[in-house]
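What follows is the residue order along each chain.
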Amino acid sequence: MTNEHYHKRQRVPKGTKRKKRRTLWVLCLVFLFVGVSVRQLLVSTYLIHPVTGSSMAPTLKEDEWVLVSKKEPLQRYAIISFSMAEEPGQFVKRIIGLPGDALFITGTRMVIDLDGTGKFLNTYSVDLSVSWANTWRGRTTIPEGCYFVLGDHLGVSKDSRAFGWVKQATIEGTVLFKN
């Protein structure tokens, strides 16, 4: 073998560089499309919120972050995230009363039927603010599309006892887990 043989340049067939460049562009576009699609799916399904205040202690503590699913069903005792037009920020509370649950009010005390029979065999009882007790007096069920929510730390929680029903349209989703 001669030195000439080692120094000869190999010929690249015409169009090979162009095909490689085109393939690279197609791959970039595919990855971009997949990335945007995955991001859109995550944004349409999940939210992340910080916890402010101590109303959900000891379950959730201030400055923890929660992952909220927009797709989980709303069930009794689930922790939800929601907003209120009258109050700034996001709220994180526990669902106690569901739409259609039977209830009665005596004085400022509201009793909710938890077993769904209307026989009040399994109940939850809570004191309301005077204004909400008066507003709801005579009511026998939680309205459709509305929920009664409470914070886990009842002594400091601002919840349905103070601001009324939480409308389903204002609920962002169910808290899946905390950091």
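As the structure is a computational prediction, the values presented were derived from the model and not from experiment. (Residues numbered from 1 in each chain as written. Predicted model: local features only at pLDDT ≥ 70, side-chain atom pairs only at ≥ 80, totals over all residues. Heavy atoms only, no water.)

Pulling in residues and values, what's your account of the pattern of salt bridges?
The full count for this structure, using the stated rule, is four salt bridges. Taking the shortest distance from any N to any O, the salt bridge between Asp152 and Arg94 comes out at 2.8 Å. With Asp152 in the loop between β8 (146-150) and α4 (160-163) and Arg94 in strand β4 (residues 87-97), the pair connects residues that are 58 residues apart, well separated along the chain. Salt-bridge contacts for Asp159 lead to Arg161; the nearest nitrogen and oxygen are separated by 2.8 Å. Accessibility assignment for this pair places Asp159 and Arg161 in one class, buried. (Salt bridge = Lys/Arg side-chain N within 4 Å of Asp/Glu carboxyl O. Helix = DSSP H or I, 4+ residues; strand = E, 2+ residues; numbered from the N terminus. Buried < 20%, exposed > 50% of the residue type's maximum accessible area, 1.4 Å probe, protein only.)

Describe the side chain of Ser81, listing the residues and the values that go with them.
Along the chain, Ser81 turns up in strand β3 (residues 79-84). If near-sequence neighbours (up to four positions away) are discounted, Ser81 is found in contact with His49, Val68, Gln90, Phe91, Thr170, Ile171, Glu172 and Gly173. (Contact = heavy atoms within 4.5 Å.)

Got a sec to walk through the sheet that holds strand β5 (residues 103-106)? Specific residues and values, please.
Sheets are built from strands paired through backbone hydrogen bonds, the pairs being either parallel or antiparallel. Taken together, the three strands give an open sheet; going across it, the order is β5-β6-β7, and neighbouring strands pair in antiparallel fashion. Two strands in the sheet have a free side with no partner beyond their single neighbour: β5 and β7 (123-127). With direction set aside, neighbouring strand axes in the sheet form an average angle of 20°. Where β5 lies against strand β6 (residues 109-113), four bridges are found, and the strand directions are antiparallel. Residue pairing across strands places Leu103 opposite Ile112, the latter belonging to β6. (Pairing = 2+ DSSP bridges. Axes fitted to C-alpha atoms, helices over the stretch in contact; angles between N-to-C directions.)

Can you lay out unusual backbone geometry for me, pointing to particular residues and giving the numbers?
Along the chain, Ala57 connects to Pro58 via a cis peptide bond; the corresponding omega equals 5°. For Pro58, the location among the structural elements is in the loop between β1 (46-50) and β2 (65-69). Unlike most non-glycine residues, Asp63 shows phi in positive territory, near 75°. Within the secondary structure, Asp63 sits in the loop between β1 and β2. You will see that Phe120, though not glycine, has its phi angle at about 55°, which is positive. Within the secondary structure, Phe120 is located in the loop between β6 and β7.

Before we move on, could you go through the confidence of the model for the protein and cite the residues and values that matter?
Should pLDDT be low for a region, the predicted coordinates there are not to be read in detail. Scored by pLDDT, the protein has a mean of 86; 86% of the residues are at 70 or more. When pLDDT is averaged over each helix and strand of the protein, the minimum, 57, is found for helix α1 (residues 3-7) and the maximum, 97, for β8. (pLDDT = per-residue confidence, 0-100.)

Explain the environment of Ser160 residue by residue, including any values.
Of note, Ser160 is situated in helix α4. Residue class for Ser160 comes out buried when judged on its relative accessible area of 0%. Separated by 63 residues in the primary sequence, Ser160 and Gly97 have C-alpha atoms spaced 10.0 Å apart. If we skip the residues at most four places from it in the chain, Ser160 touches Trp132, Trp136, Tyr147, Phe148, Val149, Trp165 and Val166. A polar atom in the side chain of Ser160 sits 2.9 Å from the backbone oxygen of Gly164. (Polar contact = N/O pair within 3.5 Å; in protein donor to acceptor, adjacent residues only side chain to side chain.)

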